[in-house]
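# Structure at a glance
One-letter residues, chain by chain:
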Amino acid sequence: MAVVYNPPAEGNHRVPMLSFRGVDNEAYYRLKSTNLGRYRNDAGTGNTLNATRPAVLRLILDSLHVFADEYGADGYRFDLATSLGRSDRGFSPQAPLFAAIAADPRLRQLKLIAEPWDLGTRGYRLGPLPAGWSEWNGPSRDSNRRLVP
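All of the points below concern the structure found in this document. These figures come from a predicted structure and were not determined experimentally. All residue numbers refer to position in the chain's written sequence, counted from 1. Restriction of local features to residues with pLDDT of at least 70 applies here, the model being predicted, together with a cutoff of 80 or more for giving and counting side-chain atom pairs; totals for whole chains, interfaces and linings are based on all residues. Processing note: side-chain calculations cover all non-hydrogen atoms of the structure and skip hydrogens and water entirely.

A word on the packing of aromatic side chains. Aromatic rings from Phe, Tyr and Trp, taking only the six-membered ring of Trp, are treated as a pair when their centres fall within 6.5 Å; an angle between ring planes under 30 degrees marks them as stacked, one over 60 as edge-to-face, and anything in between as tilted. One pass over the structure, following the stated rule, counts 7 aromatic pairs. Here a set of aromatic residues connected by ring pairs shows up, and it is made of Tyr 76, Phe 78, Phe 91, Phe 98 and Trp 133. Cation placement over rings: the criterion is NZ of Lys or CZ of Arg within 6 Å of the ring centroid and within 35° of the ring normal. Over the ring of Trp 136 we find Arg 77; its NZ or CZ atom is 4.9 Å from the centre of that ring.

Let's shift gears to the sheet that holds strand 7 (residues 111-114). At least two DSSP bridges between two strands are needed for those strands to be called paired. Each helix is a run of DSSP H or I of at least 4 residues and each strand a run of E of at least 2, with the numbering of both proceeding from the N terminus. Pairing within the open sheet is parallel, and its 4 strands lie in the order 1-4-7-8. In the strand order of this sheet, the two ends are held by strand 1 (2-3) and strand 8 (133-135), each with one partner. With 4 bridges joining them, strand 4 (residues 75-78) and strand 7 adopt parallel strand pairing. When the sheet's bridge partners are listed, Gly 75 is paired in strand 7 with Lys 111. Residues are treated as being in contact if the distance between any of their heavy atoms lies within 4.5 Å. All axes here are fitted lines through C-alpha atoms, helices being fitted over the stretch that makes contact, and every angle between N-to-C directions spans 0 to 180 degrees. Sitting on the sheet, helix 2 (residues 54-71) is in contact with strand 1 and strand 4, with an inclination near 140° to strand 4.

A cluster of nonpolar side chains, Trp 117, Leu 119 and Tyr 124, forms an exposed patch at the surface whose accessible area comes to about 320 Å². Inspection of the secondary structure assignment puts Tyr 124 in the loop between strand 7 and strand 8. The classification of residues rests on relative accessible area computed with a 1.4 Å probe and restricted to protein chains. Under 20% of the type maximum is buried, over 50% is exposed, and intermediate values are partly exposed. Look at Tyr 124 and you get partly exposed, because its relative accessible area is 47%. Excluding any residue in a salt bridge, patches collect residues exceeding 30% relative accessible area, merging like charges within 9 Å and nonpolar Val, Leu, Ile, Met, Phe, Trp and Tyr side chains within 5 Å. Here the open area of atoms and residues is found with the Shrake-Rupley method and a 1.4 Å probe, where only the protein chains shown may cover a residue. Salt-bridge detection follows one rule: a side-chain nitrogen of Lys or Arg within 4 Å of a carboxyl oxygen of Asp or Glu.

Here it is, written out as structure tokens:
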């Protein structure tokens, strides 16, 4: 099952507030350290969820459990997975979300596939995902797509 946590639907600071911004903007989004009213845009749509924050981690983990336990998902392809491993220090394969999935007895047994890029610094991260993760091969996908009429 493809899961898309980034990009979230709210967009940048200029569009209407739809959900997380109204609950707790700083708890859910990565903000620019020089201007907390502006978003880090690693997802390319105006903002990026902050998967280092407890509320975001809980949201993601709970939804993964629901999809697996209630609907039988046997694995996930994470859209823009690199953005889920970012903090203010950059990307890390030991990021809180990856560590939480590895520590979870149910989730770590599922197929985990990363779309290994985002628009952040050094955004194409082919290779450094955690052990047990596979990677979506974007160039291969694009080549195959050109073959299909």
